[in-house]
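A structural walkthrough
Next come the chains, spelled out residue by residue.
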Amino acid sequence: MKKKFNFYFLKILFFSALVCLSSNLIKHNPPLIIIANTGLFLAYSCLFKGVIKPLTSLAILVFLALMPIFAYNYLYFPCYLAEAVFLILVSILIRSAKKPLLYLFLFLLVIFAYLYFNLFANHLLRWPAKLETESLIYPQHQYQLEIDRQQKESLSLPYQLRFLIFNEKTAYGYVFLSNVFSFLSLENLYRTVLLGNVFLVLLGFYHLKKLEPVLRSLAIITFFICLLVVGLIKTPDSMRPFSSARGMLLLLALNGFNQKINWKIYLSVLGLSLLVNIA
Amino acid sequence: MKKILILFSLILLTASVIYIRLYCLEKVPVHLGNDEISIAWDAYSIGKTLRDEHNHYLPLSFQSHGDYKAPLYIYLSVLPIKIFGNTEFSARFVSVLAGLLTIAVTGLLVYEISGQKSLGFLTALVLAFCPGHFYASRIAWESNLAAFWVVLGIYLYLLFAKTQKSLILLTLSGLAFALSAYSYHLQKMLSPLLVFFLPLFFPLKNRRQKYFFWAFTFLLVLPLALDLLNQSGTGSRANTQMIWNIPTIHDYLASRHSIVLKFSLLFSTVLSNFSAHINLGYLFFTGLALVPQKTPFQFGWFLAPSLPFLLTGAISGKKYLGKYHRFLFSWLALGLLTSSLTRGEPNLGRNLPNLAPYSILIAIGFMEVSKNARSWLKIAIIGFNGFFLVYFLSFYFVHFPKYSGENWQYGYKQIALFTKSVYQNYDRIIIDSRFGPNNRYVGIPHLYLPYFSDVDPRIIQKRPENNGEIGKYSIKEINWEKEAIKPNRLYVVPEANLPFLEDKSLKLVRTIYLPNSKPAFRIFETI
């Protein structure tokens, strides 16, 4: 039975790889990037295959390989190496769940590695650890001028209260939240994973509880780190911030697919999503 | 005792809502905007002569500047202008009244579908203090009036569907939907959809009633439908606003034969628009555009701290609304969809009918969270939202006027009042139609001046025959190099088109300042 499954899974992997290769080719990615993207998709698929039940539903991987995020070009090859390191660490972490001390150590290491990788992928860090302050929301001269202006002109507020409301912390906090919620848009999501998969990802997020504790914690933490970085960027790109979380997006989509998805509806929406991406 | 306390706080809250909506209505927004003055003038002109600015007799769509306006707001404004005179207050009166009535009807609607008085009142409160609705209902906006009719139409229909007794309710519901189509162009799409779907969601016992409802509403909007088909007036205006008439998309559609490609482009554009409409950052943080873009302290259509409650309300909507929750989402989806079919960024005016369902969801979220929350959390939620509300109101009344003078063509009223007082002293009053930095904008002083100086509308109607002159007023772009300066004239010029300094034949008599103390216009007389 096990042998049968392995053969089936290999077939699925083979077709997924073909689909991923094709979508990379359509995007005119360089050969090295195509190999890296496909390799990473296959690695993530192997890592998260246990999420899918029943195993016959693994065929969904072939369609998930169409996600535009797996044809994304970081334009900086070390990012792929960083992602590979993160992936290896995650796979070790999953296997060390029964050894608490090692698990804790590895967990912290994974969080640190992901944060580093995310900053790197979003061009906020240059090798090895130089912060690109120009891409950050802080500091902006215009904001400082506005804060000063509000402090002087808000005569309707008591003097002390003006400094409590209009200061750098409130201003940047507000801009941070505004960035985060503007980024979490339907358009950014469907440009990243295709419209047909947006529902799967959201459903997977809603049913996070059904994931193993390790994967659940990882999904939540990567999501929040992703948002933290998005909030700090002056003008977030639509796809780049999600690129570092593509493994987790795949995991959520697989988890979402577990919740009794109708194949016919899924495939028809996926077809429609491809039409959107053609435009 | 408790009942008296509740009643007292209800009265106090209602009074404060009405007071805040009416407070400084003639001063904030700081001046009548471009669309507002067109509406106000047409209403004044109709009230006096039964003809609009362009001399059309009781038109169905009002020719404006670069577009056509829906008729109902203008006809309804005739009375306030007659009563209160040619002021900002009278121009905005219909909108503010429609806004207040929308709040009340939304509260009643929620009470009707949920059976909970507290939820109904909370929804009304959320809508009353929603920055988007507050802002919109203090401007002479036709869409605000349309939003009221839509909510009223839905409320009356649901009342009828519940009892199935008095046919008057159904008739009034149809009338309300028809009036919404006469109030705002976009409603010509949304209202028919709602009229069609309502009986499907809430079936009527008698099939004839359903057909009566459809036929009656259709009959009332028939003149508009004919106008739309004729491609004149409202029809042409509505058509230019659709996404398929964006030049790039129009060219693409014209140059491609493949239906798949055409469909994919249109579908992706609508989807992208739809996504922009439901963007939480836009709805709660930046959508209102009350202040310049580079300012960190922006506002959305709703108060930022109410964001979690929208999400909670969306999840727990079914618990409170039962079978009605599907209709609520469909109402919102239809509203968003029709708005997504139009060009440009999400526009508050086009989305006003959607603010009611959003508010209902936020109120449900509040109820759900506060039901399970401890008292300190409840106080924190109320305190945080209250704080943001006070912050918004102080921003709106204190800072917004300072930021927005030029956007609202500030200065023309002041010019009108001054020139009216010295009208007899000069042979001609020449006004430069441009304003703003580097004369970037072209204004419509030919409406501001007569409106605030109570000029007879017949003079404006005959303006094309008089080479654009209105009595002694002459409106043109002044070129100082070619201008022949003659005695006994008054020149009104924007700050960016001042006469040459060495010119001794002109004497400065008045400077009009923007609310931020920058000079906007200068008035010279010839010596």
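Predicted, not measured: the structure shown is a model, and the values here were computed from it.

This next bit is on the domain arrangement of chain B. All names here are of chain B. The assigned domain composition of chain B is domain 1 (2-403) and domain 2 (407-526). Placing the centre of domain 1 and that of domain 2 at their C-alpha centroids yields a distance of 37 Å. Counting residues at the interface gives 32 residues for domain 1, matched by 22 residues for domain 2. Together domain 1 and domain 2 conceal approximately 2300 Å² of surface at their shared face, both sides included; 65% is due to carbon and sulfur atoms. Three residues, His-31, Ile-37 and Trp-41, lead the burial of domain 1 against domain 2; their summed loss comes to 30% of the area buried on that side. Remark: the boundary between domain 1 and domain 2 carries one salt bridge.

Following the sequence through the fold, A:Ser16 ends up in helix 1 (residues 2-26). In this structure, A:Ser16 is in contact with A:Phe41, A:Leu61, A:Val62 and A:Ala65, ignoring residues within four places of it in sequence.

A few words now on the sheet that holds strand 9 (residues 519-526) of chain B. All names here are of chain B. Pairing is mixed across the open sheet formed by five strands, whose spatial order is 6-3-7-9-8. This sheet does not close on itself; its edge strands, each paired only once, are strand 6 (473-476) and strand 8 (506-513). Direction aside, neighbouring strands of the sheet carry axes that sit 20° apart on average. Relative to strand 7 (residues 489-494), strand 3 (residues 428-432) is paired through four bridges, and the arrangement is parallel. Considered in strand 7, the bridge of Ile-431 is made with Val-492. The strands touched by helix 20 (residues 445-452) within the sheet are strand 3 and strand 6, with strand 6 carrying the most contacts at an inclination of about 155°.

Before going further, it helps to spend a moment on helix 1 (residues 2-22) of chain B. Spacing of three or four residues puts side chains on the same side of an α-helix, whose turn is 3.6 residues. Residue and element names in this part refer to chain B. The terminal C-alpha atoms of helix 1 lie 30 Å apart, and with 21 residues this matches the ideal 30 Å at 1.5 Å per residue to within 8%. Within helix 1 the residues assigned to the buried category are Val-17, Ile-20 and Arg-21. Projected down its long axis, helix 1 carries its buried residues within an arc of 100°, all on one side. Those residues of helix 1 that are exposed and angled more than 90 degrees off the buried face are Ile-4, Leu-5, Leu-7, Phe-8, Ile-11, Leu-12 and Tyr-19. Buried positions along helix 1 lie against helix 4 (88-114), helix 5 (117-128), helix 6 (131-136) and helix 18 (375-404). One or two positions beyond helix 1, positive phi appears at Cys-24, with a value near 50°.

Attention shifts here to the pattern of salt bridges. Residue and element names in this part refer to chain B. Per the counting criterion, the structure on display carries 18 salt bridges over all chains. The residue Glu-88 makes a salt bridge to Lys-413 at a minimum N-O spacing of 3.2 Å. Of this pair, Glu-88 sits in helix 4 while Lys-413 sits in helix 19 (residues 412-421), and the two are 325 residues apart along the sequence. Judged by its relative accessible area of 3%, Glu-88 is buried. The network of salt bridges with common partners includes Asp-35, Asp-67 and Lys-69.

As a further point, take the interface of chain A and chain B. Contact with chain A, which involves 31 residues of that partner, is made by 37 residues of chain B. Carbon and sulfur atoms make up 71% of the surface buried where chain A meets chain B, a total of about 2900 Å² over both sides. By the criterion of area lost to chain B, the three top residues of chain A are A:Tyr174, A:Phe181 and A:Leu275, representing 22% of everything that side buries. For the pair chain A and chain B, the number of links is zero salt bridges. Here chain A and chain B share ten residue pairs in polar contact (both at pLDDT 80 or more) between them. Of all elements in the fold, only helix 6 (141-153), helix 8 (168-183), helix 9 (186-193), helix 10 (195-206) and helix 14 (263-278) of chain A reach the threshold of two or more residues within the side of chain A that touches chain B. Considering each element in turn, the side of chain A that touches chain B owes the most residues, eight residues, to helix 8 of chain A. Taken together, the residues that form the side of chain A that touches chain B break down as 18 nonpolar, nine polar and four charged.

We now examine the packing of helix 9 of chain A against helix 13 (residues 259-277) of chain B. At their nearest, the axes of helix 9 of chain A and helix 13 of chain B sit 7 Å apart, and the two run at 130° to each other. Viewed along their axes, helix 9 of chain A and helix 13 of chain B adopt a mutual orientation that is oblique. Two secondary-structure elements touch here, helix 9 of chain A through A:Leu186, A:Glu187 and A:Tyr190 and helix 13 of chain B through B:Ser268, B:Leu271, B:Ser272, B:Phe274 and B:Ser275. Looking at the contact of helix 9 of chain A with helix 13 of chain B residue by residue, the classes come out as four nonpolar, three polar and one charged.

A word on the nonpolar core. When a protein is soluble and globular, its nonpolar side chains tend to lie buried together. Counting residues in hydrophobic clusters, the biggest one holds 155 residues, and the most contacted among them are B:Ile154, B:Trp331 and B:Tyr451. Top contributing element to this core by residue count: helix 7 (residues 142-163) of chain B, with 15 residues. Residues from two domains meet in this core; each of domain 1 (2-403) and domain 2 (407-526) of chain B gives at least three. Here B:Tyr451 is in contact with B:Leu32, B:Ile37, B:Ala40, B:Trp41, B:Tyr44, B:Ile81, B:Gly85, B:Asn86, B:Thr87, B:Ser90 and B:Ala91, once residues within four sequence places are set aside. One finds A:Phe120, A:Leu215, A:Ala219 and A:Met248 within the second-largest nonpolar core, a separate group that totals 82 residues.

With that settled, consider the packing of aromatic side chains. Given two aromatic rings, their pairing is described by the distance between the two centres and the angle made by the two planes. Scanning the entire structure with this criterion turns up 80 aromatic pairs over all chains. Ring centres 5.8 Å apart and planes at 45° place the aromatic pair B:Phe89 and B:Phe93 in the tilted group. Residue B:Phe89 and its partner B:Phe93 are located together in helix 4, separated by four residues, close to a single helical turn. Residue class for B:Phe89 comes out partly exposed when judged on its relative accessible area of 22%. If you follow A:Arg126 out to its NZ or CZ, it ends over the ring of A:Tyr76, 5.4 Å from the centre. The residue whose ring lies beneath B:Lys472 is B:Tyr423, and the NZ or CZ to ring-centre distance is 4.8 Å.

Here is what the cut-offs are and how they apply
Residues numbered from 1 in each chain as written. Chains lettered and ligands numbered in written order. Predicted model: local features only at pLDDT ≥ 70, side-chain atom pairs only at ≥ 80, totals over all residues. Heavy atoms only, no water. Domains from an automatic or database assignment. Contact = heavy atoms within 4.5 Å. Buried area = accessible area lost by both parts, 1.4 Å probe. Salt bridge = Lys/Arg side-chain N within 4 Å of Asp/Glu carboxyl O. Helix = DSSP H or I, 4+ residues; strand = E, 2+ residues; numbered from the N terminus. Pairing = 2+ DSSP bridges. Axes fitted to C-alpha atoms, helices over the stretch in contact; angles between N-to-C directions. Expected span 1.5 Å × (residues − 1). Buried < 20%, exposed > 50% of the residue type's maximum accessible area, 1.4 Å probe, protein only. Arc of directions from axis to C-beta. Polar contact = N/O pair within 3.5 Å; in protein donor to acceptor, adjacent residues only side chain to side chain. Nonpolar A, V, L, I, M, F, W, Y, C, P; charged D, E, K, R; others polar. Parallel < 35°, antiparallel > 145°, perpendicular 65-115°, else oblique. Core = buried A, V, L, I, M, F, W, Y, C linked by side-chain atoms within 4.5 Å. Phe/Tyr/Trp six-rings, centres within 6.5 Å; stacked < 30°, edge-to-face > 60°. Lys NZ or Arg CZ within 6 Å of the ring centre and 35° of its normal.

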